[in-house]
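So you can see what is in the structure, the chains are spelled out below.
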Amino acid sequence: MLRPLHRPRETTDPGRRMRLAARLGMIAMTAESERSFYRKPLPEPAIAFSSAEGLGLFREALAAGTMGVYFRLAETFHTQEEPAYCGLASLAMVLNALAVDPGRIWKGVWRWYGEGLLECCEPLEVVAKSGVTVDK
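If you're wondering where the values come from, they're calculated on a predicted model, not measured in any experiment.

Asks: In this structure, what is going on with the confidence of the model for the protein? I would like to understand it.
Replies: Detailed conclusions should not be drawn from predicted coordinates in areas where pLDDT is low. With 76% of its residues at a pLDDT of 70 or more, the protein has an overall mean of 82. Predicted confidence for residues 3-9 stays below pLDDT 50, and this span has 1 contact to residues more than four positions away or in other chains.

Asks: What should I look at first to understand the packing of aromatic side chains in this one?
Replies: Describing an aromatic ring pair means giving the distance of the ring centres and the angle of the ring planes. A complete count under the given rule lists 4 aromatic pairs for this structure. An angle of 80° between the planes, with centres 5.2 Å apart, marks the rings of Phe58 and Tyr70 as edge-to-face. Residue Phe58 is found in helix H3 (residues 52-64), and its partner Tyr70 is found in helix H4 (residues 68-75); the two are separated by 12 residues along the sequence.

Asks: Honestly, helix H5 (residues 86-97) in this entry has me stumped. Any pointers?
Replies: Given 3.6 residues per helical turn, the α-helix brings residues three or four places apart onto the same face. For H5, with 12 residues, the first-to-last C-alpha span of 16 Å sits near the 16 Å given by 1.5 Å per residue. Among the residues of H5, those classed as buried are Leu88, Ala89, Ala92, Met93, Leu95, Asn96 and Ala97. Lining the buried residues of H5 we find H4 and helix H6 (124-130).

Asks: Please clarify how a nonpolar patch on the surface should be interpreted in this entry.
Replies: Together, Trp106, Val109, Trp110 and Trp112 line one region of the surface with nonpolar side chains, adding up to about 480 Å² of accessible area. Tracing the backbone through its elements, the reader meets Trp110 in the loop between H5 and H6.

Asks: I'm lost on the environment of Gly131 in this one. Help?
Replies: Position of Gly131 relative to the elements: it lies in the segment after H6. Linking Gly131 and Ala84, residues 47 residues apart in sequence, is a C-alpha distance of 4.6 Å. Setting aside its immediate chain neighbours within four residues, Gly131 contacts Ala84 and Val126.

The rules behind these values
Residues numbered from 1 in each chain as written. Predicted model: local features only at pLDDT ≥ 70, side-chain atom pairs only at ≥ 80, totals over all residues. Heavy atoms only, no water. pLDDT = per-residue confidence, 0-100. Contact = heavy atoms within 4.5 Å. Phe/Tyr/Trp six-rings, centres within 6.5 Å; stacked < 30°, edge-to-face > 60°. Helix = DSSP H or I, 4+ residues; strand = E, 2+ residues; numbered from the N terminus. Expected span 1.5 Å × (residues − 1). Buried < 20%, exposed > 50% of the residue type's maximum accessible area, 1.4 Å probe, protein only. Patch = residues over 30% accessible without salt bridge, like charges linked within 9 Å, V, L, I, M, F, W, Y side chains within 5 Å. Areas by Shrake-Rupley, 256 points an atom, 1.4 Å probe, with all protein chains shown as cover. Salt bridge = Lys/Arg side-chain N within 4 Å of Asp/Glu carboxyl O.

Okay, here's the thing in structure tokens:
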């Protein structure tokens, strides 16, 4: 069995990984991809959930019996539709996890919270451009 002569150095910089993939011919870099980013590194003191430290914290909390709320939130996970919708997406997840019935249709026959049902304090076009504060 052949083994590589050296192990590639791991990086947490998504832009660096993308440039490497382009050099290897795995993807094509475009002018647009040069002006954008795929993932943004977490700022300090945030801990990546899938990191060794994040998994350790998860195990500790699970062993301590304090993770009940996590599973209710995980069942209702929602990826935000717009970059500035983080507040609305978080609120939709919490309302769905708490089983609060919106009393109106989300899609099809489903009553469920999504960002579109949370146009309460600012028009969605405004929130898409500048986000929404906790106070609102």
